[in-house]
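Observations on the three-dimensional arrangement
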Protein chains: 2
Amino acid sequence: MRTHLCGNVTENLTGQSVVLCGWVARSRDLGGLIFIGLRDHAGVLQVVVEPENKPAFAEAEKLRNEFCVRVTGTVRLRPESQWNPDMATGRVELLAETVEILNASAPLPLLMSDDDGEEVRLKYRYLDLRRDRLQRNLRLRTRLTRAIRGYLDGHDFLDIETPILTRATPEGARDYLVPSRAQPRSFFALPQSPQLFKQLLMMGGMDRYYQIARCFRDEDLRADRQPEFTQLDLEMAFVDEADVQAIAEGMVRAAFREVLDVELPGPFPRMSWAEAMRRYGSDKPDLRIPLELVTICDAVREVEFKVFSGPANDPGSRVVALKAPGAAGQSRKQIDDYAAYAGRYGAKGLAWMKVKDPAAGIEGVQSPIAKFLDGSAVAGILEATGAAAGDLLLFGADKKPVVNAFMGALRLKLGRDLALVEPGWRPLWVVDFPMFEFDPDEARYDALHHPFTAPAVADPESLKAHAGEAVSRAYDMVLNGAEIGGGSVRIHDPVLQQAVFDLLGIDEAEAKQRFGFLLEALRYGCPPHGGIAFGIDRIAALMCGEDSIREVIAFPKTTTAGCPLTGAPSVVDAAQLDELHIQLKPGK
Amino acid sequence: MRTHLCGNVTENLTGQSVVLCGWVARSRDLGGLIFIGLRDHAGVLQVVVEPENKPAFAEAEKLRNEFCVRVTGTVRLRPESQWNPDMATGRVELLAETVEILNASAPLPLLMSDDDGEEVRLKYRYLDLRRDRLQRNLRLRTRLTRAIRGYLDGHDFLDIETPILTRATPEGARDYLVPSRAQPRSFFALPQSPQLFKQLLMMGGMDRYYQIARCFRDEDLRADRQPEFTQLDLEMAFVDEADVQAIAEGMVRAAFREVLDVELPGPFPRMSWAEAMRRYGSDKPDLRIPLELVTICDAVREVEFKVFSGPANDPGSRVVALKAPGAAGQSRKQIDDYAAYAGRYGAKGLAWMKVKDPAAGIEGVQSPIAKFLDGSAVAGILEATGAAAGDLLLFGADKKPVVNAFMGALRLKLGRDLALVEPGWRPLWVVDFPMFEFDPDEARYDALHHPFTAPAVADPESLKAHAGEAVSRAYDMVLNGAEIGGGSVRIHDPVLQQAVFDLLGIDEAEAKQRFGFLLEALRYGCPPHGGIAFGIDRIAALMCGEDSIREVIAFPKTTTAGCPLTGAPSVVDAAQLDELHIQLKPGK
């Protein structure tokens, strides 16, 4: 139906006859001529219709925005004074010979700009998708998955599909359920990940597997969560963590090179989970921000200020300082705002100190808590933080998880507010995660990753004896403060697997009921194996510079897990439910 | 953990030290030495363990089939008398230095051969997958999807994911439903295809879309059906059927070239639906079989045999002959078997005629119906079929759909039984499908494809006036008797779309309720568009020479839509259902 794409018409076509299809981006009558901005996915071209060409002019007069048209004509150079340097097609225009309306458009229900609200954008997604921003984002996403596939294809991975109608998986989030018609009173679950199937594939001798897999979690949604999301999932047999990390790092590096023409720094640095928590209060530190939490327990252990000395003397707590360089000029109001922000992450208060003259010790600082500190404490703080005149110090003192949560959040906010975020990409491997978290309410351990993650100690007895300190063979890939991938070496020994289940309070009967087929499979020569999974939506959003993954998904759902376009979910006939052996709960 | 793959160890590694991982395919003690067949996905290598190497020998003595092991050793040439020409590694063997058991295996619950039953193969799929057959099949499938992606990536298609949690789609099969927790009493449906979303993407200016998409149908399963299956789905804007067919044909051609090193004949021939039904009794004729249905209405219009003359004079019926060359020697029993076979496809009986001497007319044939036919009828039949001495003729006479069903099936069976199936690949486009089938029970038309298929006549009034004869712009790609792909140009005019809905008995209220968002979308400058979808499982099975698609799916379901491995579907807690606002139907 066309000979060229609108966005590709440039000077080298001058004098040629072309046929173009597209949408009317704008249309105006100027000096008796009609000028049309004709848009397709490649770009916009100016079309001119002269009144002498009566049939074409008559059609052109009917055009409104988003009419779908076909235009034939001759490409001609514009006078140099009319060149538009902002458009690839800006030096030429099409003198129309025929204008054919392929489809009219009703008046538009939205502005087709960033000013449109979320709900209307999703309801008319087919119009929203015509915008530059979403065209660019979805095209980038295609290039991303293509680059990933190309890399893995080149490294002998098999692309294998695993079931979507399956059994409840062990990630622990809420499953979406699908009632079975053929097997009354039974339900499929949609997978939260292909975890168990990819392990079974390794047991099946597939050696190297990958899949760009849809995953499902029926959770209450936040801005960056969707009920269905896409994971690059891979698994390898006969490997250790270094093998998996090398492939994963190579893949991410190749993707950034091919999609963004960016060479990521390498090799990616490795940091233990403990160090990440200590220095950044986070297991996914944004290394673009040159601020760190400085432990000042030693300096404040003896002070009369119990808010500091209490935690400083408790091994489960910590006292930290965060130095905001040159921020001593911040107003009381600004500091109060930081305190409120920290409060949202669990802070009971936010002590601060403005440094005027560090050489003067306690006399050189201004702080509401100065009177509770002694000179040596202040000197110790100033020394530990390396604070200089004009710096602002913010303090956190509490149980370690609490301090890390709010001081980690505050670090990110200060970094942004003070424009300290360095440009570029800062990847990082976080390793040596704790194997378990102790859950005091349930008086048992919880798995920090999933229960198939191998511990660094392979002996079941040593693991049980030192569960609290056990480190796992898990690893996360972090990029600019986002966890983009996570994986581990898996347990391949059925005895060790049962030991981990025991520690998690899953007894043999429950283990058999929930994961019996996996335990059974471990009995038949399961190879050592490990893998990793990446959040494709998140990586695409990072690459596109978008805050929300909704901007890189063609048809995302709202925060109430609905689709304003199709109206899903919707009511169904009682007869349909009847066939599925279920009924609606009475009431309401 | 390894330096090489077992299957890749050949003479050029002679003398080298290698480290291998894999499974014990066989193990035997011979003349004091232990010989191990060590298998990984690349192949099997013979490992020799000498008794002088005490630690290795002690480990090797423990080995049973499917133990997972790591072996180090030196590659050496076997004596020429012991070369095994059936194995790539057959000229060498590994002299073991160390043997390490990575994981033992319990005694195997299946034979790991084609003799294993379906249920046990699926229950222990991780063992079944280690077999050559499934390794080969899944590797071929990976190459197939890679070739398809490569072709489409090279033709400017975007790989875009569409929702799996969505609204009931219009294919008409039964949907899988997913109860919504966030929106009580509402349900998502799993898509039977991405049909509506891909049309919306064209309206969204995405120009060319593809997806290797999981689709779902809750139907009673046949041997070649699965509740979830995989479709290569593509759609293009600003195209007609020739454009879509050119891309589809190029893609299939590229896939066969890259996967099987086969150059498909081209261009693919085109045949109208009417011709396919007339000559082959099927809309997916297997052109490898050189048999055709020959219409003999003219010859038998006047005979007293009402079984023939009745249908011969009824425009809705037909009388056909199928010539089985050289099959006149078939016994009565064999012919009875054909009659029984035809009966399964709707035949009330199966008339036959053995040709002894065609020049002798009625005297030269043997047939239980000869006495009801006159000489000119027999002469006419012999002439129409070109029957020669020794040929067997089989006859069908009934309503056209009935004749086509059983004579089409008989044609395939005869082709196989008489070994007439020619080797190679015979692709075909079937085009000019009827737009509608009249449903006499409901006194309305049904769509032969889905209701968004464009009719050849674009004017709503002419379409309504001649609906019974209307031809659609749909096309199927047929290969060796299997429909591997089907598509159409879609309706892009809301008035024409409503006219089609009217003919299908879908009034405006129902159309709005079911497809309102699509009708709405058609109002905003929808471009002309069309596409096609291919059954990936079926194409992979064809390429692998497998009859069942279960052999090309890693974790297929049984014919009762269950998974013997994971036990899905399974019972769930009442509390889970409660959160989803549903309950089990009482009773049973």
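Calculation rules
Residues numbered from 1 in each chain as written. Chains lettered and ligands numbered in written order. Predicted model: local features only at pLDDT ≥ 70, side-chain atom pairs only at ≥ 80, totals over all residues. Heavy atoms only, no water. Least-squares fit on C-alpha atoms with pLDDT ≥ 70 in both. Contact = heavy atoms within 4.5 Å. Core = buried A, V, L, I, M, F, W, Y, C linked by side-chain atoms within 4.5 Å. Buried < 20%, exposed > 50% of the residue type's maximum accessible area, 1.4 Å probe, protein only. Pairing = 2+ DSSP bridges. Helix = DSSP H or I, 4+ residues; strand = E, 2+ residues; numbered from the N terminus. Axes fitted to C-alpha atoms, helices over the stretch in contact; angles between N-to-C directions. UniProt positions renumbered as here; feature names shortened; annotations may be inferred.

**Structural notes on the relation of the copies chain A and chain B**
At an RMSD of 0.1 Å, chain A and chain B line up after a rotation of 180 degrees and a shift of 0.0 Å along the axis. Here the transformation between the copies is reduced to the relation of a two-fold axis. Comparing contact sets, 99% of the residues at the interface of chain A also lie at the interface in chain B, consistent with an isologous, same-surface contact.

**Remarks on the nonpolar core**
Soluble, globular proteins show a tendency: their nonpolar side chains are buried together. Residues L190 of chain A together with L190 of chain B are the most contacted members of the largest nonpolar core, which totals 128 residues. One finds F157, Y210, L232 and F534 of chain B within the second-largest nonpolar core, a separate group that totals 43 residues.

**Observations regarding the sheet that holds strand β12 (residues 293-295) of chain A**
All names here are of chain A. A sheet is described by the order of its strands in space; here 5 strands give the open sequence β12-β13-β16-β14-β15, paired in antiparallel fashion. The open sheet has two edge strands, β12 and β15 (365-366), and neither has a second partner. Sheet analysis places strand β13 (residues 317-324) next to strand β16 (residues 392-399), joined by 8 bridges and oriented antiparallel. For L322, the partnering residue across the bridge sits in β16 and is L394. Along the sheet, helix α7 (residues 273-280) makes contact with β12 and β13, crossing β12 at roughly 95 degrees. Across the sheet, helix α11 (residues 375-385) lies against β12, β13, β14 (351-355), β15 and β16, angled at about 105 degrees from β16, the strand it touches most.

**Focus: the environment of R139 of chain A**
By the secondary structure assignment, R139 of chain A is in helix α4 (residues 132-153). Separated by 413 residues in sequence, R139 of chain A and V552 of chain A place their C-alpha atoms 9.3 Å apart. Residues within four places of R139 of chain A in sequence aside, it is in contact with H41 of chain A together with L158, G205 and M206 of chain B.

**Describing the UniProt feature "binding site: ATP" (unreviewed entry) in chain A**
Residue and element names in this part refer to chain A. The residues that UniProt annotates with the feature "binding site: ATP" (unreviewed entry) are R217, D218, E219, Q226, E483, G535, I536, D537 and R538. Among the secondary structure elements, I536 is positioned in helix α16 (residues 536-544). We classify I536 as buried; its relative accessible area is 0%. With sequence-adjacent residues up to four places away left out, I536 is seen in contact with R141, L144, T145, I148, T230, Q231 and L232. On the secondary structure map, R538 appears in helix α16. Taking relative accessible area as the criterion, R538 reaches 18% and is therefore assigned buried. Residue contacts for R538: discarding those within four places in its chain leaves D224, A482, I484, D547 and I549.

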